[in-house]
Amino acid sequence: MLENIVNYFTNAGVEVYLILLILVVLEAVLSADNAIALAAIAKSVEDPKLQRQALNIGLIAAYVLRMILILAATWVVKYWQFELLGAIYLIWLVFNYFFTAEESEINEKHTLGFTTLWQVIPTIAITDLAFSLDSVTSAIAITEETWLIIAGGTMGIIILRFLAGLFIRWLQEYTYLEDAGFITVGFVGVRLLLKVWLPDALIPEWVTIVVVAVFFAWGFSKREVVESDSSEQ
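Residues numbered from 1 in each chain as written. Predicted model: local features only at pLDDT ≥ 70, side-chain atom pairs only at ≥ 80, totals over all residues. Heavy atoms only, no water.

Draft legend 1. Region of the structure containing the overall build of the protein chain. Looking only at helices and strands, one finds nine helices and zero strands in the protein chain. When the helices and strands of the protein chain are placed in sequence order, the string is α-α-α-α-α-α-α-α-α. Here the protein chain holds 233 residues, and 47% of them are scored as buried. Considering only contacts in the protein chain between residues 6 or more positions apart, those separated by 24 or more positions represent 84%. (Helix = DSSP H or I, 4+ residues; strand = E, 2+ residues; numbered from the N terminus. Buried < 20%, exposed > 50% of the residue type's maximum accessible area, 1.4 Å probe, protein only. Contact = heavy atoms within 4.5 Å.)

Here is the structure:
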């Protein structure tokens, strides 16, 4: 579908900036579940200052890995093993969240079980890399211009940092949001598995967007009441 849209505008003589805009929008839409996963990982560190550090350092490392992936994309797409590893990692992350890590005794929510900054930072970088296997493949389907994909990926990291910062706060406010986010992470993992096992039965991008939108609507459906602490007044 995206290829047809790009071909239409290309035949109409529209500049490459439109392709760049499409890449940025695609990054923004597909980054929502990624941002929730990164926010959940970062908030494993309770100190807000350390959470920001984890996101900043982790996403710098993620940016380096993403650029390496983009530059090696024409080689990487030839080997289905990379997508299989990415799918396994994302599914493991979801399994770890729902079934392995203990629920917090304070708020009875699932957690990923990370406790230190240096556990969180590499996990953020690797998680973004796993998501990038899907988004970079989509970008290559739109354009073969490496500089456009790099520009879209750069803006995508900036958008991701902004979204992850917002989600850290929203995860405290909305009861189902974190669970909804990890369900969509699992969906992305299954999508990658299908690309490996059934490449001719690839789930279209619009289906992914609809699934993400449905679960996020559920995630934002219940807001927790935060009681003010009288001792702070």
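Draft legend 2. Representation of helix α7 (residues 146–173) within the structure. With 28 residues, α7 should cover 40 Å at 1.5 Å per step; its first-to-last C-alpha distance of 40 Å lies within 8% of that length. Considering bend angle alone, the principal kink of α7 is centred on F167 and spans about 25°. (Expected span 1.5 Å × (residues − 1). Bend = angle between axes of the 7 residues up to and from the residue.)

Draft legend 3. Fine view of the packing of aromatic side chains. Tallied over the entire structure, the rule returns 13 aromatic pairs. Geometrically, the ring pair formed by W75 and F82 is edge-to-face, given 5.5 Å between the ring centres and 65° between the ring planes. Residue W75 is classed as partly exposed on the basis of its relative accessible area of 44%. Taken together through their ring pairs, the aromatic side chains of F95, Y97, F98, F99 and F182 make up a single cluster. (Phe/Tyr/Trp six-rings, centres within 6.5 Å; stacked < 30°, edge-to-face > 60°.)

Draft legend 4. Focus on the environment of I36. By secondary structure assignment, the location of I36 is in helix α2 (residues 16–42). With a relative accessible area of 0%, I36 lands in the buried category. Residues I36 and L166 lie 130 residues apart in sequence; the distance between their C-alpha atoms is 9.2 Å. In this structure, I36 is in contact with F167, L171, L177, E178, G181 and F216, ignoring residues within four places of it in sequence.

Draft legend 5. Representation of the pattern of salt bridges. For the coordinates displayed, the defined rule picks out five salt bridges. Residue R66 is joined to D128 by a salt bridge in which the shortest nitrogen-to-oxygen separation is 2.6 Å. Remark: D128 occurs in helix α6 (residues 117–142) and R66 occurs in helix α3 (residues 48–71); sequence separation between them is 62 residues. The same class applies to R66 as to D128, namely buried. (Salt bridge = Lys/Arg side-chain N within 4 Å of Asp/Glu carboxyl O.)

Draft legend 6. Region of the structure containing the environment of E144. Topologically, E144 is positioned in the loop between α6 and α7. For E144 and T74, which are 70 residues apart along the polypeptide, the C-alpha to C-alpha distance reads 9.3 Å.

Draft legend 7. Quick look at the packing of helix α8 (residues 177–197) against helix α9 (residues 205–219). Relative to each other, α8 and α9 sit at 160°, their axes nearing to 8 Å. Classified by the angle their axes make, α8 and α9 are roughly antiparallel. Where α8 crosses over α9, the handedness of that crossing is right-handed. Facing α8, whose interface residues are L177, D179, A180, G181, I183, T184, F187 and R191, α9 presents E205, T208, V211, V212, F215, F216, W218 and G219. (Axes fitted to C-alpha atoms, helices over the stretch in contact; angles between N-to-C directions. Parallel < 35°, antiparallel > 145°, perpendicular 65-115°, else oblique. Left-handed = near helix turned anticlockwise from the far one by under 90°.)

Draft legend 8. Up close: the layout of surface pockets. Taken as a whole, the second largest pocket encloses approximately 280 Å³ of empty space. If you trace the second largest pocket, you find 13 residues lining it, with L69, F82, L129, A130 and L133 closest to the centre. Within the residue set of the lining of the second largest pocket, elements represented by two or more residues are α3, α5 (80–100) and α6. Broken down by class, the residue content of the lining of the second largest pocket amounts to twelve nonpolar, one polar and no charged. (1 Å grid on protein atoms, 1.4 Å probe; cavity = no way out; pocket = protein on both sides within 12 Å on 5 of 7 lines; lining within 4 Å. Points joined across faces, edges and corners; volume = space filled by probe spheres on them. Nonpolar A, V, L, I, M, F, W, Y, C, P; charged D, E, K, R; others polar.)

Draft legend 9. Focus on the packing of α5 against α8. Where α5 meets α8, the axes come as close as 8 Å, and the angle between the chain directions of the two elements is 155°. As the angle between them shows, α5 and α8 are arranged roughly antiparallel. Here α5 and α8 pass one another in a crossing that is left-handed. Here the contact of α5 with α8 is built from residues that sort into 17 nonpolar, three polar and four charged.

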